[in-house]
Structure formats: C-alpha cells, structure tokens
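Survey of secondary and tertiary structure
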Amino acid sequence: MKSKINLYLIEFAINALLRAKSKNIFILVVFTLLTTLLTAVFLITGSIKHELQTTVDALPQITVQKIKAGRHYDIDTSVADNIVTIAGVSEAVPRVWGYYYFENAGVNFSVVGIDQYESQYKESLATLITKFDFDELQSKNSMVVGAGVKEVMSSSYYSEYFNFIKPDGSLKKMTIAGVFDADTQLESNDIILMSKEDVREIFDMKANKATDIVVKVPNPEEVSTVASKIKLMYPDSRVISSSDLKISYQNIFDYKSGVFLALFVVALFTFFMIIYDKASGLSSEEKREIGILKAIGWRVDDVLKEKFYEAFIISFMAYLLGTLLAFAFVYVFKAPLLREIFVGYSQLKTSFELPFVFDIEILFLVFFLSVPIYLAATIIPTWRAATLEVDEVIR
C-alpha cells in the first residue's frame, strides 16, 4: 500500500525553501509576527473577560445605596432591618468600606470593614475570618492586606505598618498582620481588611451609618422583584442588581474591545495583503521550476503536493512560533502596551497580573485564520500553472 505522505517530496520541499532562503525567511518572520499579534489579542481579551466574569459572580446580588443630590452618601444601618422583612430576602448586611487615596504611590486602596460574627456576603471573606480574628486585630490596631497592596506599601517603605490620614488630619497607625490572595486578582489586588470600627474611624463615619447594604436573595429569579420592592420602600436609594453590574462591566469590556478589534482588523488586512500578493500569481522562476518538473515526468498532483508541503512548513512553523511568542508576551512579560488598552494608564489602581486562561478555541481560531488561507493562496496559483502545457509554462 502506497504511503499518503511522500518523504521524498517533503525533502524536496525543504530544499526548495532553502534555495529561496531570504524570501522565505521574510515571509516566516512577517507571518509569525502577525500570528503573535492575533493570538496575543485573543489571549488578553480572554484573560480579562474571565477575570471580570469571576469578579462579577462574586459580587452581591443586590446593593442598596443612599443617594442625595445625585451623590452617594452613608446609609442608616436600620434600613437593613426593614429590607430583611421583604419576602424572598434571606440576609441584608450593612457594609462599611471606602476608597483611600495613597498619594505617595498614586493609587486607591479599597478599605473594607469586617465584623467577625456577622454573616459575610462573599465566600472569600467568610474564609478569611476563619484565618484572622478581626476582634483581636481591632484591639491591636492591625489589618490584613491584599498582595497588591502589600507590594505597593513595601515599595514606599511601609513593610510592617501604614499610617492612615483621617479627615481631621490626625494619623491612625495600623499594623500589617497578614497578606491574603483571593480567587481573582481584581478582587484582592487593592483591598485592605480591618474591623468596621477602625474603618469608621478612618473615614469619620458614625456608628449607625454604613456605606451601603448588600442583600442576599436565595432564588436568582426573584432578584429583580426584590430590587423593585426595595426601590418602592426607599425611592431615594439606588438599587443595583448583579445583572446590572454584569451589563455595566460588559459595556466597558465591549467598548475597549473596539480598540482590540481595530488592531485585529489591521493585522488581518496586512495578512491578506500578503496572501493576495501570493495568490495573484507565481513568479517566472517558480513557473519555470514547475515546467521543468513536469518535463521530467512529475504529475500535477505531485507538483501540488510538493507546494502544499512548502506552504504547510512555513505556515505551521509561523503558527507555532507565533503562538508560543504570544503566550510568552502575555503571561511572562505581562503584555506591555497591549494590556494598557484594557487596564488603562490611570494610576488609581494597583497593578495586577493577567490570569492564565488556556482556551483551545483561541488556538483553533488563529490556526484556521492563518494556515489554511496561506495553503490556499499557494495551491491555487500552483494548480493554474501546473495544468498548463510544459512549453507554455517554461516560456
């Protein structure tokens, strides 16, 4: 039985590529760079989308805020007692938190208050109270910080403690008792955890006030109904559901994806310009080579196979190199410049690393956007030349 893969043809194809070394190296380099750009774009968008989705899933089902003159104000903790009486609501927990601007590093920290014996609205916080006793932390003026916060503080020589500036201008010294890592870096990246009393002191918040109230609804289908009831009870409040947050996050993601789409279109346009140039016809030297091969007895399918091997070697090597370079660019070198399109150049957030997300669909998509197209651009003009008479091709 005759083998489908002709090793002699592969050897001939490799030698043919080496004969036109300069030209083929140029094609390989350009092809590799385009593949790297396309793959990097898909990897960054996939990683950030996964991070945002995981973060949104961890957020409360309903958040209630006090609005006055279009601005967010502290809400009475007694509102939680009234909300929990609504049918379908299992818990209503007042949250005490706020943003603290660290001018020396130019970043915002999210300072979150924890009550040791209170029901936590997130599993990550429930896990942390088993590791740290926040009542004991309060007595020792201590706090627990996220990994990103620790890195920023250490860079400003706050390795063991941090001085918060209160609204009256006085300082509150808080010792760093531990560092935590959450499921997502967007969640733990900029967070500082301490007792609610310490947070109230730092932000000068009264004991009967909270930043907002999070509401837990066991049945997801009742979330919109419960949100409507809360809005009727408190018309001056802003009621935000988890679905609203998902839509908001998706809108931001889609908006910034437009920039990536522009890069994607430019890369594809450049790639198809190369393909068009190659598909428009073979050079006279390539046609003469095909004519000589036919003259010495090669059949049309032999010529097509040989050119197929040439194109496949170049395109598949470019695909492999481009994919490996893209993974290194995104997950080893942290995607400089490209990542900033999504994250932004603002210094109001501590930096975070892109989570590694291996999506086989991305690899297949890049493969089918590159290798088969290049093969077709090589085979079609070769078939046209190979079907002509030998003397016509050589002339």
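What comes next concerns the included structure. (Residues numbered from 1 in each chain as written. Predicted model: local features only at pLDDT ≥ 70, side-chain atom pairs only at ≥ 80, totals over all residues. Heavy atoms only, no water.)

For Leu17, the location among the structural elements is in helix H1 (residues 7-19). With a relative accessible area of 11%, Leu17 lands in the buried category. With 296 residues separating them in the primary sequence, Leu17 and Ile313 have C-alpha atoms 9.2 Å apart. Leave out the neighbours within four places in its chain, and Leu17 touches Asn24, Glu310, Ile313 and Ile314. (Helix = DSSP H or I, 4+ residues; strand = E, 2+ residues; numbered from the N terminus. Buried < 20%, exposed > 50% of the residue type's maximum accessible area, 1.4 Å probe, protein only. Contact = heavy atoms within 4.5 Å.)

Take the side chain of Thr45 next. Along the chain, Thr45 turns up in helix H2 (residues 21-57). In this structure Thr45 comes out as buried when scored by relative accessible area, which is 15%. From its side chain, Thr45 meets the backbone oxygen of Val41 in a polar contact 3.0 Å long. (Polar contact = N/O pair within 3.5 Å; in protein donor to acceptor, adjacent residues only side chain to side chain.)

Now for a nonpolar patch on the surface. Together, Phe356, Phe358, Ile360, Phe364 and Phe368 line one region of the surface with nonpolar side chains, adding up to about 570 Å² of accessible area. Structurally, the position occupied by Phe356 is in the loop between helix H13 (338-343) and helix H14 (360-386). (Patch = residues over 30% accessible without salt bridge, like charges linked within 9 Å, V, L, I, M, F, W, Y side chains within 5 Å. Areas by Shrake-Rupley, 256 points an atom, 1.4 Å probe, with all protein chains shown as cover. Salt bridge = Lys/Arg side-chain N within 4 Å of Asp/Glu carboxyl O.)

Our next topic: the packing of helix H12 (residues 300-332) against H14. Relative orientation of the contacting elements H12 and H14 amounts to 155 degrees, with a least axis distance of 9 Å. When the interaxial angle is binned, H12 and H14 end up roughly antiparallel. Crossing of H12 over H14 shows right-handed handedness. Here the contact of H12 with H14 is built from residues that sort into 19 nonpolar, 5 polar and 1 charged. (Axes fitted to C-alpha atoms, helices over the stretch in contact; angles between N-to-C directions. Parallel < 35°, antiparallel > 145°, perpendicular 65-115°, else oblique. Left-handed = near helix turned anticlockwise from the far one by under 90°. Nonpolar A, V, L, I, M, F, W, Y, C, P; charged D, E, K, R; others polar.)

Time to look at the sheet that holds strand E10 (residues 191-195). Here 6 strands make up an open sheet; going across it, the order is E5-E6-E10-E7-E9-E8 and the pairing mixed. Edge positions in the sheet fall to strand E5 (97-102) and strand E8 (161-165), since each has one partner strand and no second. Across the sheet, the axes of successive neighbouring strands diverge by a mean angle of 35 degrees, strand direction being ignored. One ladder, built from 5 bridges, connects E8 with strand E9 (residues 171-180); its direction is antiparallel. Residue pairing for E9: Asn163 is matched across the bridge by Lys173. Packing of helix H6 (residues 147-155) onto the sheet brings it into contact with E5, strand E6 (107-114), strand E7 (142-146), E8, E9 and E10, and relative to E7 it is tilted by some 105 degrees. Lying over the sheet, helix H8 (residues 196-203) contacts E5, E6, E7, E8, E9 and E10, oriented at roughly 110 degrees with respect to E10. (Pairing = 2+ DSSP bridges.)

This paragraph deals with helix H9 (residues 223-233). By the burial criterion, the buried members of H9 are Val223, Val226, Ala227 and Ile230. Mapping the buried residues of H9 onto a view down its axis gives an arc of 100 degrees, with all of them on the same face. In this structure, the buried side of H9 is in contact with strand E1 (62-68), helix H3 (78-83), strand E12 (212-216) and strand E13 (237-241). (Arc of directions from axis to C-beta.)

Next up on the list: unusual backbone geometry. Positive phi values are uncommon outside glycine, yet Asn141 reaches one of about 50 degrees. Tracing the backbone shows Asn141 in the loop between helix H5 (134-139) and E7. Overall, Asn141 belongs to the partly exposed group, its relative accessible area being 33%. In this structure, Tyr157 takes a positive phi of about 70 degrees despite not being glycine. Tracing the sequence through the fold places Tyr157 in the loop between H6 and E8. A residue is classified by how much of its surface remains accessible, and Tyr157, at 76% relative accessible area, is exposed.

Attention now moves to empty space enclosed by the protein. As enumerated under the stated definition, the model contains 3 cavities of 30 Å³ or more in all. Computed from the structure, the largest cavity encloses a volume of approximately 80 Å³. Every residue lining the largest cavity is counted, 13 residues in all, and those nearest its centre are Pro94, Arg95, Gly113, Gln120 and Tyr121. Of all the secondary-structure elements, those providing two or more residues to the lining of the largest cavity are strand E4 (91-95) and E6. (1 Å grid on protein atoms, 1.4 Å probe; cavity = no way out; pocket = protein on both sides within 12 Å on 5 of 7 lines; lining within 4 Å. Points joined across faces, edges and corners; volume = space filled by probe spheres on them.)

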